[in-house]
Amino acid sequence: MGKMITDNLLAQFSGFVESHMGLSFPQEKWPDLEKGLRAACGQFGGDQEETFIREFMAASLSRRQIEILAACLTVGETYFFREKNVLEAVKYLALAEIIRTRRGADQSIRIWSAGCAGGEEPYTIAMMLQMLVPDLKEWNITILATDINPLFLEKAVKGVYTPWSFREVPEQIINRFFIKQGDRFEILPEIKKMVTFSYHNLMQDDYPSLLNNTNAMDLIFCRNVLMYFSPETIKNVARRFHRCLTEGGRLIVSQTEVNDVYFPGFEKVCQAGAMFFVKPSVMRQTDRVQRGNPQTISLPRPLRVGVDRHSLLEDVSLLEDGNHGAGKIRKGVTEESLYEQADNFFAQGEYHRAEELLERLIESSPGHAEALSLLGRVCANQGRLDDALRFIEEAISVDTMNPGRHYLHASILIEMGRRPEAMTALKKAIYIDTDFALAYFAMGNLALGSGNRVEAERDFNTALLLLGKHSHDDILPEAEGMTAGRLMELIGSMQWRKTERRGTRDQGRGTRDERCGPIGC
């Protein structure tokens, strides 16, 4: 130990870390990388750093290995109510506008804290909502908090902090939302239960996704995270955040990370001295006019693996133009090619274009269950849950024996806060397909969220047993690209949450630390 790692090896490992985790370590940051490497080597029980690095790069990494490395390479120093001017603008402008426009109608707010570190940011958001919305119990609130570092997530779930985390917090806030325990402070259970913590890798994991609840967000906080990424990675993450947001949704980054070059597709807005990136509202008619032909949708390069590019005929219009038959399916265009292109638009986050094609397809073929299901997903990713529910229920009425549609039905019901109905839908999916591991996983999360640990453990064990029948790289049905091995790692990573909750209960506190997990908690 102690021998210098060669520059050549550091350069190789820097590229490896960026490709697997998105973390950027240019040459000027190599001392930080080397320090983290030495710590990681010790964590894995190695004593020769260079040997460890070469073996690590040659291996097929498990999620646990990535987690350990992330814990050694990242710093999670933060505090409550950080960047007060930004939070004031969020509270009195962004949140106030959402509350005003949705009160009495769709009373839901969805927020994602991406890179939540020790939980100070998502808990700050929860406290702001408590102060801002007197009838909060009448609202369906989602605060998703994710990080790549499991140690940060452990701290966040516990919700216990030292005075250093309160260095800019008024005493009345501390007295209202925390319980003093010696020289530490524990956040109230009613605030804890508002936040769902989950592991998420912005480089490798899918988003937006119903599976991990990253779709249809009103606000995404990603502060002091992008500074770890390369410029190209930042652009890629920003594009995916754009797809995760509803129209008019805001991306909040650190004020030192505001750079127009990295956020194409967003509008930069200054409100109350704070800068935000806003996903502009796009009306379908406006979208068509911008493409130069108000009645034509053309075929771009297909993106889906397995789609025959030549069979789709690039740049051929799918819908009729002109005054007669405008918007109808062009003669010679098959339903299959129309559906495939709608699926491509959906994958690209071009939801309006996907919706246009699917509506025409359903007009032409009213019982097209696949089109109805995809249209349900399109609506769900835009936050239009009532429409999503209507379309998926119509798809189920056409084909009642498709387990995937019952699973999608359950996912939408979970977002709507209708969990007993979601559990019923999942049981229907399992009745049709007794090997549906993803449905058991979702049932386990629902059980965990309601405090039924016995049922949760049973469902998770069943899911693991079924996943064991697959090879590690098998892509699971309805899992949006997730492999069997990845889901097994995800379930395994939840074991520490159970341990932490058990310890909290032994102290007589923390009845809702169960709000942990990627779906349904």
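In what follows, the structure referred to is the one given above.
Conventions used here
- Residues numbered from 1 in each chain as written.
- Predicted model: local features only at pLDDT ≥ 70, side-chain atom pairs only at ≥ 80, totals over all residues.
- Heavy atoms only, no water.
- Helix = DSSP H or I, 4+ residues; strand = E, 2+ residues; numbered from the N terminus.
- Buried < 20%, exposed > 50% of the residue type's maximum accessible area, 1.4 Å probe, protein only.
- Contact = heavy atoms within 4.5 Å.
- Areas by Shrake-Rupley, 256 points an atom, 1.4 Å probe, with all protein chains shown as cover.
- Pairing = 2+ DSSP bridges.
- Axes fitted to C-alpha atoms, helices over the stretch in contact; angles between N-to-C directions.
- Core = buried A, V, L, I, M, F, W, Y, C linked by side-chain atoms within 4.5 Å.
- Domains from an automatic or database assignment.
- Expected span 1.5 Å × (residues − 1).
- Arc of directions from axis to C-beta.
- Right-handed = clockwise from strand over helix to strand, strands pointing away.
- Salt bridge = Lys/Arg side-chain N within 4 Å of Asp/Glu carboxyl O.

Chemist: Just give me the short version of the overall build of the protein, but keep the residues and values in it.
Modeler: Secondary structure assignment for the protein yields 22 helices and ten strands. A burial count over the protein gives 55% of its 521 residues as buried. Here the analysis covers contacts within the protein between residues at least 6 apart in sequence; of these, 68% occur between residues at least 24 apart. Working note: accessible area of the protein is about 22700 Å², and carbon and sulfur atoms make up 51% of it.

Chemist: I'd like to hear about the sheet that holds strand S2 (residues 140–147), residue by residue, with values.
Modeler: Reading across from one edge, S6-S2-S1-S7-S8-S10-S9 is the order of the seven strands in this open sheet, with mixed pairing throughout. Edge positions in the sheet fall to strand S6 (195–199) and strand S9 (267–271), since each of these pairs with one other strand and no more. Strand-to-strand twist in this sheet, taken as the mean axis angle between neighbours without regard to direction, amounts to 25°. Of the pairings in the sheet, the one linking S2 to S6 comprises five bridges and is parallel in character. In the strand pairing of S6, leucine 144 is matched with threonine 196.

Chemist: Now, about the nonpolar core: what can you tell me, with residues and values included?
Modeler: Note on soluble globular proteins: their nonpolar side chains tend to be buried together. Judged by nonpolar contacts, the single largest core of 95 residues is most densely connected at Trp112, Leu129, Phe178, Leu202, Phe241 and Leu251. Shared between two domains, this core takes at least three residues from each, and those domains are domain 1 (7–73) and domain 2 (84–279). Beyond its immediate sequence surroundings of up to four residues, tryptophan 112 is in contact with Leu144, Thr146, His200, Leu202, Tyr207, Thr214, Met217, Leu219, Ile220, Phe221, Phe241 and Cys244.

Chemist: Run through the sheet that holds strand S5 (residues 184–187), naming residues and quoting values.
Modeler: A sheet is described by the order of its strands in space; here three strands give the open sequence S3-S5-S4, paired in antiparallel fashion. This sheet does not close on itself; its edge strands, each paired only once, are strand S3 (160–161) and strand S4 (178–181). Of the pairings in the sheet, the one linking S3 to S5 comprises two bridges and is antiparallel in character. Bridging across to S5, valine 160 finds its partner in glutamate 186.

Chemist: Before we move on, could you go through helix H2 (residues 30–43) and cite the residues and values that matter?
Modeler: Taking 1.5 Å per residue, 14 residues should reach 20 Å; H2 reaches 20 Å between its end C-alpha atoms and fits that length. Among the residues making up H2, those that are buried are Trp30, Leu33, Glu34, Gly36, Leu37, Ala40 and Cys41. End-on, the buried residues of H2 take up no more than an arc of 165°, which puts them together on one face. Counted as exposed and oriented over 90 degrees from the buried face of H2: Pro31, Lys35 and Gln43.

Chemist: Just give me the short version of the pairing of S2, but keep the residues and values in it.
Modeler: The buried fraction of S2 amounts to seven of the eight residues, a majority that puts the element mostly inside the structure. Bridge count between strand S1 (residues 108–114) and S2: seven bridges; the pairing is parallel. Directly across from serine 108, in S2, lies its bridge partner asparagine 140. Viewed along the sheet, the connection from S1 through helix H6 (residues 120–132) into S2 turns out right-handed.

Chemist: Explain the pattern of salt bridges to me, and be specific about the residues and the numbers.
Modeler: Tallying each qualifying case throughout the model produces 26 salt bridges. For lysine 192, the salt bridge goes to glutamate 186, with nearest N and O atoms at 2.9 Å. By relative accessible area, which is 4% here, lysine 192 ends up buried. Looking at glutamate 186, the relative accessible area reads 5%, which means it is buried. Salt-bridge contacts for arginine 353 lead to glutamate 350; the nearest nitrogen and oxygen are separated by 2.7 Å. Given the relative accessible area of 25%, glutamate 350 is considered partly exposed. One network of salt bridges, in which partners are shared, links Glu355, Arg384, Asp387 and Arg390.

Chemist: An account of helix H14 (residues 351–364) is needed here, citing residue identities and associated values.
Modeler: Structural remark: α-helix, 3.6 residues per turn; residues separated by three or four positions point the same way. With 14 residues, H14 ought to run about 20 Å at 1.5 Å a step, and its terminal C-alpha atoms sit 20 Å apart, in line with that. Those residues of H14 that fall on the buried side of the exposure criterion are Tyr351, His352, Arg353, Ala354, Glu355, Glu356, Leu357, Leu358, Arg360, Leu361 and Ile362.

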